[in-house]
Amino acid sequence: MEQVTVKQQSSLNIAGKVKDYMMLIKFSLSFMVVFSAVISYLLAPKVVEYDWLHIILLFIGGLLVTGSANTVNQIVEKDTDAMMARTAKRPVASGRMQPAEAWAFAIIAVVAGLFILGYCFNWLSAGLALFSWFVYAYMYTPLKKVSAVSVLLGAVPGALPCLIGWAAGQDELSVGGWVLFAIQFFWQFPHFWAIAWIAHKDYSNAGFKLMPSVEGPTKYSAVQSIIYSLVLIPVGTLPYLVGMSGMMSFVIVLIANLFMLWQSIRLYREMEKKAARRVMFTSYIYLPIVLLALLADKL
């Protein structure tokens, strides 16, 4: 009986540690980031067939680098994370994991991820991944308490996975990669500001300055979401114009962009959290729909 209890306790400890590491790398966010890198890789003209070994390697390498950046973010922000209800249970913020353990994981993960990208694909993709990691961990993260310009800066590493995936498949930075970068870059603004709108009280109490307006969720902030949603419409036509995809994806992307714009307009009209949630959920489904449509329609 005692042995069974010890085994059960050991299993619980292992399960708890796995859960902590999933939280540490922000698995859902990291998965979305790596998803865009993989689809961008598959959209590269040189990639003419699905090599599942390379797809898995790209996914693992990207997940390690992204997870490392998210880990550094949680180490740096452990005190402010502890102040916010939505982040207080994170492993470092809650004290379940010591910063030294998190640092060790972050260093091992980024080195391993960069090696996989460089050795299995090319060092251009690894260099871009290292640049993205540095900007996110050491520029965007500390700037969040200084100015809302941090959102603009953070959109760069947020969109770089598209370039990383494209470079991994194409061995160069050509127009298609930059088009994908542009789509993901401008998509982030209505997406992130909707999240910041919903969590404004928590963010404000922790000292983060993330909304376009210093007053927080205002008409001005809603207008900014509309503007960037509008910009997405012409940007969304670029894959068709440069010959990356055909008419089917052109129509799908246009509908997705118009729907995103409509939700941003509704946010301006209603000025309520439920409207911000609609923008947030729309943005969550927008990216996979657009990227998968482009992949399905690859010319």
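Below: a short report on this structure.

Here is what the cut-offs are and how they apply
Residues numbered from 1 in each chain as written. Predicted model: local features only at pLDDT ≥ 70, side-chain atom pairs only at ≥ 80, totals over all residues. Heavy atoms only, no water. Helix = DSSP H or I, 4+ residues; strand = E, 2+ residues; numbered from the N terminus. Buried < 20%, exposed > 50% of the residue type's maximum accessible area, 1.4 Å probe, protein only. Salt bridge = Lys/Arg side-chain N within 4 Å of Asp/Glu carboxyl O. Phe/Tyr/Trp six-rings, centres within 6.5 Å; stacked < 30°, edge-to-face > 60°. Lys NZ or Arg CZ within 6 Å of the ring centre and 35° of its normal. Contact = heavy atoms within 4.5 Å. Core = buried A, V, L, I, M, F, W, Y, C linked by side-chain atoms within 4.5 Å. 1 Å grid on protein atoms, 1.4 Å probe; cavity = no way out; pocket = protein on both sides within 12 Å on 5 of 7 lines; lining within 4 Å. Points joined across faces, edges and corners; volume = space filled by probe spheres on them.

**Looking at unusual backbone geometry**
- Although it is not a glycine, aspartate 171 adopts a positive phi angle of roughly 65°.
- Mapped onto the fold, aspartate 171 is located in the loop between helix H8 (149–170) and helix H9 (175–198).
- Positive phi outside glycine occurs at methionine 271, with the angle close to 55°.
- Along the chain, the position of methionine 271 falls in the loop between helix H12 (247–270) and helix H13 (273–296).
- With a relative accessible area of 26%, methionine 271 lands in the partly exposed category.

**Structural notes on the pattern of salt bridges**
- Summed over all chains, the structure comprises nine salt bridges.
- Close ionic contact of arginine 96 with aspartate 20 constitutes a salt bridge, the shortest N to O distance being 2.7 Å. Separated by 76 residues along the polypeptide, arginine 96 in the loop between helix H5 (91–94) and helix H6 (99–120) and aspartate 20 in helix H1 (residues 2–24) bring together distant segments of the chain.
- On the basis of relative accessible area, arginine 96 is assigned to the partly exposed category, the value being 42%.
- Among the salt bridges present, the one from lysine 144 reaches glutamate 77, with a minimum N-O distance of 2.9 Å.

**Some points on the packing of aromatic side chains**
- Across all of its chains, the model carries 19 aromatic pairs by this definition.
- Between the aromatic rings of phenylalanine 185 and phenylalanine 189, the centroid separation amounts to 5.4 Å while the plane-to-plane angle is 75°, which identifies the pairing as edge-to-face. A residue pair is termed a helical-turn pair when its members lie 3 or 4 positions apart in one helix, as phenylalanine 185 and phenylalanine 189 do in helix H9 at four residues.
- Here phenylalanine 189 falls in the buried class, since its relative accessible area comes to 2%.
- Taken together, Trp178, Phe181, Phe185, Phe186, Phe189, Trp193 and Tyr228 form an aromatic cluster joined through their ring pairs.
- Here lysine 219 stacks its cationic end above the ring of tyrosine 268, 4.1 Å away from the centre of that ring.

**Considering the environment of tyrosine 220**
- Relative to the assigned elements, tyrosine 220 resides in helix H11 (residues 219–241).
- Taking relative accessible area as the criterion, tyrosine 220 reaches 47% and is therefore assigned partly exposed.
- Between the C-alpha atom of tyrosine 220 and that of tyrosine 268, which follows or precedes it by 48 residues, the distance is 8.6 Å.
- Not counting the four nearest positions on each side in its chain, tyrosine 220 is found in contact with Pro212 and Ser213.

**A closer look at the nonpolar core**
- Core analysis: the largest hydrophobic core is formed by 77 residues, its most contacted members being Tyr41, Leu117, Leu180, Tyr203 and Tyr286.
- If you tally residues by element for this core, the top one is H9, at 15 residues.
- Beyond its immediate chain neighbours, meaning those up to four positions away, tyrosine 41 contacts Val47, His54, Ile55, Leu58, Phe121, Gly165, Trp166, Ala168 and Gly169.
- Ile75, Val92, Met97 and Ala102 belong to the second largest nonpolar core, which has five residues in total.

**Side note on the layout of surface pockets**
- There is about 1,300 Å³ of room inside the largest pocket.
- Put simply, the parts of the chain that give the lining of the largest pocket at least two residues each are H1, helix H2 (27–43), helix H3 (52–76), helix H7 (123–143), H8, H9 and H13.
- Taken as a whole, the second largest pocket spans an internal volume of roughly 220 Å³.
- What lines the second largest pocket is a set of 14 residues, and nearest its centre among them are Phe208, Lys209, Leu210, Ser213 and Val214.

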